[in-house]
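Take a look at the letters that make up each chain.
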Amino acid sequence: MWVYCALQGSRARVRLPQGLLTAWLRHGRATSSYSTSAEPSRVRALVYGKHGDPAKVVELKNLELATVRESDVHVRMLAAPINPSDINMIQGNYGFLPKLPAVGGNEGIGQVVAVGSSVTGLQPGDWVIPANAGLGTWRTEAIFSAEVLIQVPNDIPLQSAATLGVNPCTAYRMLMDFEQLQPGDSVIQNASNSGVGQAVIQIAAALGLRTINVVRDRPDIQKLMDKLKNLGAKHIITEEELRKPETKNLLKDMPPPRLALNCVGGKSSTELLRHLAPGGTMVTYGGMAKQPVTASVSMLIFKDLKLRGFWLSQWKKNHGPDEFKKLILTLCDLIHRGQLTAPACSEVPLEDYQQALGASMEPFVSSKQILIM
């Protein structure tokens, strides 16, 4: 697990221009060997001591870095995103909650600074991501066990590496695990401009699948549509258009979708079910509307539709670390081939975390907030 000691008040630092900071992080910082005689280092971290509104309970603290033991790795964090699951965890509304006080953040990219004497699979300079949720990535440095790290290539873009461990993994597993889809088949999803939604579009395109992408109407809807089409989206329609009977005519150039991916719930999920092919499956992985999924009796009886759920943390528990590492390498291969890019991101210095937290909870914001350490 990620290790830290006493919490203390935050302190100021010199701030580099953002472009220079990103370039410096991208090309790596100097690494050094661990020395048992070194004085304890102090790191900065975003900590919450109770559950509640992130803007009120998250604080920038100074932590004391623990000693590197034989099976430990000292990692300097480079970048870490703010995901909806991070917000839910801070609010206390998530399937897994770490012991308080806790450092926020469930994914990110770090660079190995030093390794313990028994660590053989990693060396200084390697890039690593956390293998599990709840480890606390919103910090400048950490000491943690080598077994909770996965090495990733350091030649992929920084933003892709920082956002690799959650959304693309969720997208890939949902496309692969619930229906035996073949090239030419179609998939329908809501929240299509989310991090998972953008990954679904790209991975589906790489697999030869066609996507029907539902989004909420907004003032800049055409700009959003153009962006999703550039990612490989076949059709993009609004929630309002999805409810109209004539929508089926718009989709007549492709077979009815056998797989629906629901991150919203409520009326939106009911509409996804209405467009599913008989015998199809709807997988729910989020509930942005905070409303239940409602399926009519006729949909279940006469269309034989299946309702399933997906949680990446549970998938990892069921399949083990080796399968997760294989998944990460598969996604890295897609990145190398130019078939998977990071979602639109806004890089924010760690000390401006309040700005980043606020932006991450605003409606109609398509840019993922990434904390730069």
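This one's a predicted model, so the numbers in the text were calculated from it and none came from an experiment.

(A) Region of the structure containing the overall build of the chain. A tally of helices and strands in the chain yields 13 helices and 17 strands. The buried share among the 373 residues of the chain stands at 52%. Counting contacts in the chain only where the partners sit at least 6 residues apart, residues at least 24 apart contribute 75% of the total. Surface exposure of the chain reaches about 16700 Å², of which carbon and sulfur atoms provide 52%.

(B) Geometry of the side chain of lysine 316. Position of lysine 316 among the secondary structure elements: in helix H12 (residues 312-336). No salt bridge is formed by the buried lysine 316. Its closest oppositely charged neighbour is glutamate 107, at 8.6 Å. With sequence-adjacent residues up to four places away left out, lysine 316 is seen in contact with Ala131, Asn132, Ala133 and Phe324.

(C) How the structure looks around the environment of valine 166. Looking at the secondary structure, you find valine 166 in the loop between helix H4 (158-162) and helix H5 (167-177). Considering only alpha carbons, one finds valine 166 and isoleucine 328, 162 residues apart in sequence, at a separation of 9.9 Å. The residues touching valine 166, leaving out its near neighbours within four places in the chain, are Asn83, Glu107 and Leu312.

(D) Examining the nonpolar core more closely. Within the largest apolar cluster, 48 residues are counted, with the highest numbers of intra-cluster contacts made by Ile109, Leu175, Ile203, Leu261, Ile328 and Leu331. Per-element tally for this core: the top contributor is H12, with 9 residues. Excluding residues within four positions of it along the chain, isoleucine 109 makes contact with Met77, Leu78, Ala79, Trp127, Val128, Ile129, Val152, Leu158, Ala161 and Ala162. Counting residues in each nonpolar core, the second largest holds 31 residues, with Ala102, Val112, Leu350 and Leu371 among its members.

(E) Fine view of the pattern of salt bridges. Overall, the coordinates contain 11 salt bridges when judged by the stated rule. The closest approach of N and O atoms between glutamate 271 and arginine 274, which form a salt bridge, is 2.7 Å. In this pair, glutamate 271 and arginine 274 are both assigned in helix H10 (residues 266-275), 3 residues apart and thus about one turn of the helix distant. Classification of glutamate 271 by relative accessible area gives buried; the value is 13%. A salt bridge links glutamate 323 to lysine 326; the nearest nitrogen and oxygen atoms lie 3.4 Å apart. With a gap of 3 residues between them, glutamate 323 and lysine 326 both fall in helix H12, about one helical turn apart. Using a relative accessible area of 32% as the deciding quantity, one classes glutamate 323 as partly exposed. Residues joined by salt bridges that share partners form a network here, namely Glu179, Asp185, Arg258 and Lys306.

(F) View of unusual backbone geometry. Cis peptide bonds are those with omega within 30 degrees of zero, and the linkage from leucine 100 to proline 101 qualifies with -5°. Looking at where proline 101 falls in the secondary structure, it is placed in the loop between helix H3 (84-91) and strand S5 (102-103). Of note, the phi angle at lysine 290 is positive, near 55°, even though the residue is not glycine. By the element assignment, lysine 290 lies in the loop between strand S14 (281-284) and helix H11 (297-302).

(G) Structural detail: H12. Taking 1.5 Å as the rise per residue, H12 with 25 residues should run 36 Å; its terminal C-alpha atoms sit only 23 Å apart, a clear shortfall. Helix geometry: H12 is bent most strongly at glycine 320, by close to 115°, with proline proline 321 lying one to four residues after it. All of the buried residues along H12 are Leu312, Ser313, Trp315, Lys316, Gly320, Phe324, Leu327, Ile328, Leu331, Cys332, Leu334 and Ile335. Of the surrounding elements, those touching the buried residues of H12 are strand S7 (127-130), strand S9 (149-152), H4, H5 and helix H6 (195-206). Positive backbone phi, at 75°, marks glycine 338, one or two positions downstream of H12.

(H) Molecular detail of the sheet that holds strand S11 (residues 210-215). An order of S12-S11-S10-S13-S14-S15 is seen for the 6 strands of this open sheet, with the pairing classed as parallel. The two strands at the open ends of the sheet, each matched to only one other strand, are strand S12 (235-238) and strand S15 (306-309). Along the sheet, successive strands turn relative to each other by an average axial angle of 20°, direction set aside. Two elements, strand S10 (residues 186-189) and S11, share 4 bridges in a ladder whose sense is parallel. What sits directly across from isoleucine 188, in S11, is isoleucine 212. Along the sheet face, H5 touches S10, strand S13 (259-262) and S14 and points at about 150° away from the line of S13.

Cut-off values and rules
- Numbers given to residues run from 1 along each chain, matching the order in which its sequence is written.
- Given that this is a predicted model, residues contribute local features only at a pLDDT of at least 70 and side-chain atom pairs are listed and counted only at 80 or more, while totals for whole chains, interfaces and linings are drawn from all residues.
- Based on all heavy atoms of the structure, the side-chain values leave hydrogens and waters out of the count.
- Secondary structure elements are defined from DSSP: runs of H or I of at least 4 residues count as helices, runs of E of at least 2 residues count as strands, and each element is numbered from the N terminus.
- Here's how the labels work: a residue is buried when its accessible area is under 20% of the maximum for its type, exposed when over 50%, partly exposed in between, all with a 1.4 Å probe on protein chains only.
- We call two residues contacting when some pair of their heavy atoms lies within 4.5 Å.
- The method behind every accessible area is Shrake-Rupley, applied with a 1.4 Å probe, and residues are considered shielded solely by the protein chains displayed.
- For the charge count, each Lys or Arg is scored as positive and each Asp or Glu as negative, with His and the chain ends excluded.
- By definition here, a salt bridge exists when the distance from a side-chain nitrogen of Lys or Arg to a carboxyl oxygen of Asp or Glu is within 4 Å.
- The definition of a nonpolar core used throughout is a set of buried Ala, Val, Leu, Ile, Met, Phe, Trp, Tyr and Cys residues joined through side-chain atoms within 4.5 Å.
- In this analysis, the expected span of each helix is defined as 1.5 Å times one less than the number of residues it contains.
- To get the bend at a residue, fit one axis to the 7 residues ending there and another to the 7 starting there, then take the angle between the axes.
- Two strands qualify as a pair provided that DSSP identifies no fewer than 2 bridges between them.
- Angular values range over 0 to 180 degrees, each being the angle between N-to-C directions of two axes fitted as lines to C-alpha atoms, with helices fitted over their stretch in contact.

So far we have only geometry, and geometry alone does not tell us how the molecule works.
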